[in-house]
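Close look at the chain arrangement
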Amino acid sequence: MELYGRATSFNVQKVQWMLAELGLNFSHIEKGGRFGGLDEPEFAALNPMKKVPVLVDGEKVIWESHSIIRYLIAEYGDQEWYPSSAYSRSLYERWMDWSQVIFQPHFMAVFWGYYRMPPSNRDWPAIDAALARCNECLTQLEQQLARQPFLAGEMMTAADITVGAILYRLTEQGLSVPLPPNVRKWYNGIQQRDGYQRYIMSDFSELKHREDY
């Protein structure tokens, strides 16, 4: 099994954490960013979008981080990760979708607008607006986690992977982002997981004030 993508890519890190949770061995091949290679014909043959991450599992090729995570838990997960009930799966899949189309875009607007932008080029009204949207997302998470220990119930799921991966960079980039109490408790818990520590809580300082990939 091979995973293509630069180690500092937020979307690559989500997949790495998922692989760790499932105990799967994989080779990591750096692509993108300072490593380049996304325009090479060999890579374009794997992913016509020319983006990372890309997972190659034997003869199967999967791209887009959440599609990769869904593939991994369906192919290699047990009933806890991939329950047989479609409704049970929907309990975590809705949060995966929410994180990708709601929370993550607001976070990325903050991260690119603040951390990756040289101070002289920062648009503070836009940063503040995106940060306000992130705080609204944290409020929604707080309401969910007030009822149960994990986003989809009593056990950790792929929802916690995709949502939890956002919090480290959101809170560690140098801005004040207070976490509500139940979110903080949940966050403290996922921080204890080996995959989170190894792949999510990693150095991303090479991206500071860097406007390109």
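See the structure above.
Numbers given for residues are sequential positions, taken from 1 along each chain in its written order. A pLDDT threshold of at least 70 governs which residues receive local features in this predicted model, and a stricter bar of 80 or more applies before side-chain atom pairs are shown or counted, although totals over entire chains, interfaces and linings include all residues. Values reported for side chains reflect all heavy atoms of the structure, with hydrogen atoms and water molecules removed beforehand.

Now for the packing of aromatic side chains. Between the rings of Phe, Tyr and Trp (Trp by its six-membered ring), a pair exists once the centres lie within 6.5 Å; its type follows the angle of the planes, with under 30 degrees stacked, over 60 edge-to-face, and the other angles tilted. One pass over the full model with this rule turns up 14 aromatic pairs. Consider the rings of phenylalanine 10 and phenylalanine 107, whose centres lie 5.4 Å apart with planes at 50 degrees: the pair is tilted. Of the two residues, phenylalanine 10 is situated in helix H1 (residues 10-21) and phenylalanine 107 in helix H4 (residues 86-115); the sequence distance between them amounts to 97 residues. Each residue is assigned to one of three classes by its accessible area relative to the maximum for its type, calculated with a 1.4 Å probe on protein chains only: buried under 20%, partly exposed between the two thresholds, exposed over 50%. Assessed through its relative accessible area of 5%, phenylalanine 10 is described here as buried. Judged by relative accessible area, which is 0%, phenylalanine 107 ranks as buried. Ring centres of phenylalanine 111 and tyrosine 115 lie 5.2 Å apart, and the angle between their planes is 10 degrees; this geometry places the pair in the stacked category. Put simply, DSSP H or I for four residues or longer makes a helix, DSSP E for two residues or longer makes a strand, and each gets a number counted from the N terminus.

With that out of the way, let us pick up the sheet that holds strand E4 (residues 60-63). Adjacent strands of a sheet pair through backbone hydrogen bonds, lying either parallel or antiparallel. The strand order E2-E1-E3-E4 describes an open sheet built from 4 strands, whose pairing is mixed. Bordering the open sheet on either side are strand E2 (27-29) and E4, each of which pairs with just one other strand. On average, each strand axis in the sheet is tilted by 20 degrees relative to the strand beside it, whichever way the strands run. The pairing criterion for strands is at least two bridges between them, as found by DSSP. For strand E1 (residues 2-4) and strand E3 (residues 54-57), the ladder comprises 3 bridges, and the chain directions are antiparallel. Its bridge partner lying in E3, glutamate 2 is registered against valine 56. Of the strands in this sheet, E1 and E2 are in contact with H1, which crosses E1 at around 160 degrees. A fitted line through C-alpha atoms serves as each axis, taken over the contacting stretch for helices, and the angle formed by two N-to-C directions is quoted from 0 to 180°. Contact criterion: two residues are considered in contact whenever any of their non-hydrogen atoms come within 4.5 Å of each other.

Looking now at the environment of arginine 133. Its place among the elements puts arginine 133 in helix H5 (residues 124-145). On the accessibility criterion, arginine 133 (32% relative accessible area) is partly exposed. Along the backbone, arginine 133 and valine 177 are 44 residues apart, and their C-alpha atoms lie at a distance of 12 Å.

All right, on to unusual backbone geometry then. Following valine 52, the chain continues into proline 53 via a peptide bond in cis, with omega recorded as 5 degrees. Turning to its location among the elements, proline 53 is positioned in the loop between helix H2 (41-46) and E3. Backbone geometry at glutamate 64 places phi at a positive 80 degrees, although glycine is not the residue there. Following the sequence through the fold, glutamate 64 ends up in the loop between E4 and helix H3 (65-76). A positive phi is found at histidine 209, a non-glycine position, where the angle reads about 60 degrees. Structurally, the position occupied by histidine 209 is in the segment after helix H8 (194-200).

Given the number of residues in a helix, its expected span is that number minus one, multiplied by 1.5 Å. The terminal C-alpha atoms of helix H6 (residues 158-172) lie 23 Å apart, and with 15 residues this matches the ideal 21 Å at 1.5 Å per residue to within 8%. Downstream of H6 by one or two residues, glycine 174 has phi in the positive range, about 115 degrees.

As a further point, take H3. Spanning 12 residues, H3 covers 16 Å between terminal C-alpha atoms, matching the ideal 16 Å at 1.5 Å per step. Every buried residue of H3 is listed here: Ser65, His66, Ile68, Ile69, Tyr71, Leu72 and Ile73. In this structure, the buried residues of H3 make contact with H1, E3, E4, H4 and H6.

This is a description of form; function is not addressed.
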